[in-house]
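Each chain, letter by letter, is given below.
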Amino acid sequence: MVFPPRCRICKKPSVDIMCLDCLATLPRISGSICVKCGKPTLREVGECRECTGRRLYFSFARSGGIYAGVLKDAIHELKFKNGKKLAPYLAKFISSAASDIADDIDLVTFVPLTKRKEARRGYNQSRLIAEELCLGLSKGLFTGLIKIKEVPEQNKLGLNERTRNVKRAFAVSSPVKGKILLVDDVYTTGSTVNECARQLKKSGASEVFVLTIARTPLTGR
Ligand SMILES: [Zn+2]
Ligand SMILES: [Zn+2]
């Protein structure tokens with residue numbers, strides 16, 4: 001007996017790893033956003049409440065979609081099961097969010113994992129996306145951003161704790177210059193990408209832009 005190939009997300013028969021229905025229902029961010037962090041807002045703002053009064057080292061952040069539904073499932077698959085197979089689909093999904101940055105950047109980089117964690121997982125999902133974007137945008141990959149310390153799980157922490165947590169978790173191991181596109185899977189409070197951007201700028205990058213596959217829907221702010 002031959003089992004038909006299935007979509008890794010909805011499990012319906014499909015020759016594609018991610019079927020057309022799932023691709024079509026990814027919760028894309030469209031409409032007004034905070035120009036700084038890319039958060040969906042009722043009307044366009046230069047800085048949302050979360051960005052105000054905060055030292056942000058990246059010029060702006062954009063995300064492909066909301067971390068919910070099909071996209072949340074797809075990112076979970078990317079991280080824990082089918083990273084290599086799903087990366088091209090998700091990179092394509094966020095490439096439109098990168099289009100206004102594309103001409104301006106010199107190099108693409110990604111939020112690193114510690115060596116130990118990457119060895120355990122077998123790959124770094126953010127690196128896979130960054131590599132796909134490099135191909136699409138004809139840019140080089142910068143691999144000198146490294147994670148030197150494991151930090152406690154960020155999920156249940158507030159912004160201040162997260163910021164304190166990620167301090168000194170990252171470093172840059174080789175010189176860098178120019179404008180950098182920093183890729184990550186999910187933007188939650190932005191403390192991780194902000195710390196990475198701080199390190200990159202400290203090491204010579206003139207500007208850092210952030211692109212994530214998704215961002216968490218923030219409520220009550
Ligand atoms: Zn599907
Ligand atoms: Zn904002």
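Predicted model, so just to flag it, every value in this text is computed and none were measured.

Caption draft 1: Focus on the sheet that holds strand β3 (residues 140-141). With respect to topology, five strands assemble into an open sheet ordered β1-β7-β6-β2-β3, the strand pairing being parallel. A single partner strand is all that each edge strand has here, and the edge strands are β1 (60-66) and β3. Relative to strand β7 (residues 205-215), β1 is paired through six bridges, and the arrangement is parallel. Its bridge partner being in β7, Ser63 is matched across the sheet by Thr212. Each of β1, β6 (178-187) and β7 is contacted by helix α2 (residues 69-80), which is oriented at about 110 degrees to β7, the strand it contacts most. Along the sheet, helix α7 (residues 191-202) contacts β2 (107-110), β6 and β7; its crossing angle with β7, the most-contacted strand, is approximately 160 degrees.

Caption draft 2: Representation of the side chain of Thr212 in the model. Among the structural elements, Thr212 can be located in strand β7. Among the polar contacts made by the side chain of Thr212, one reaches the side chain of Ser63 at a distance of 2.7 Å. Excluding its chain neighbours within four sequence positions, the residues that come into contact with Thr212 are Arg62, Ser63, Gly64, Ile94, Asp184, Asp185, Val186 and Tyr187.

Caption draft 3: Inspection of the coordination of the zinc ion (ligand 1) at higher detail. Only Cys7 (SG), Cys10 (SG), Cys19 (SG) and Cys22 (SG) from the protein reach the zinc ion (ligand 1) as donors, at distances of 2.3 Å. For the zinc ion (ligand 1), the four donor atoms are set out with angles of 105 to 113 degrees between them, so the coordination reads as tetrahedral. When its relative accessible area of 1% is taken as the criterion, Cys7 is described as buried.

Caption draft 4: Layout of the confidence of the model for the chain. When pLDDT is averaged along the chain, the result is 91; 98% of the residues meet or exceed 70. Averaged pLDDT values for the elements of the chain fall to 81 in helix α6 (residues 159-166) and rise to 98 in β2.

Caption draft 5: Region of interest: unusual backbone geometry. Of note, Ser138 is a non-glycine position whose phi angle comes to about 55 degrees, a positive value. As for its position among the elements, Ser138 is in the loop between α5 (125-137) and β3. Here Ser138 falls in the exposed class, since its relative accessible area comes to 65%. Of note in the backbone geometry, Arg168 takes a positive phi value of approximately 65 degrees without being a glycine. Looking at where Arg168 falls in the secondary structure, it is placed in the loop between α6 and β5 (170-172). With a relative accessible area of 61%, Arg168 lands in the exposed category.

Caption draft 6: Quick look at the coordination of the zinc ion (ligand 2). At the metal site, the zinc ion (ligand 2) is ligated by Cys34 (SG), Cys37 (SG), Cys48 (SG) and Cys51 (SG), and these contacts range over 2.3 Å. As a motif over one chain, the donors of the zinc ion (ligand 2) read C-x2-C-x10-C-x2-C. Cys51 carries the same exposure label as Cys48, and that label is buried.

The rules behind these values
Residues numbered from 1 in each chain as written. Chains lettered and ligands numbered in written order. Predicted model: local features only at pLDDT ≥ 70, side-chain atom pairs only at ≥ 80, totals over all residues. Heavy atoms only, no water. Pairing = 2+ DSSP bridges. Helix = DSSP H or I, 4+ residues; strand = E, 2+ residues; numbered from the N terminus. Contact = heavy atoms within 4.5 Å. Axes fitted to C-alpha atoms, helices over the stretch in contact; angles between N-to-C directions. Polar contact = N/O pair within 3.5 Å; in protein donor to acceptor, adjacent residues only side chain to side chain. Donors = N, O, S within 2.8 Å, 3.2 Å for Na, K, Ca; no water. Tetrahedral: all angles 85-135°; square planar, octahedral: opposite > 155°, others 65-115°. Buried < 20%, exposed > 50% of the residue type's maximum accessible area, 1.4 Å probe, protein only. pLDDT = per-residue confidence, 0-100.

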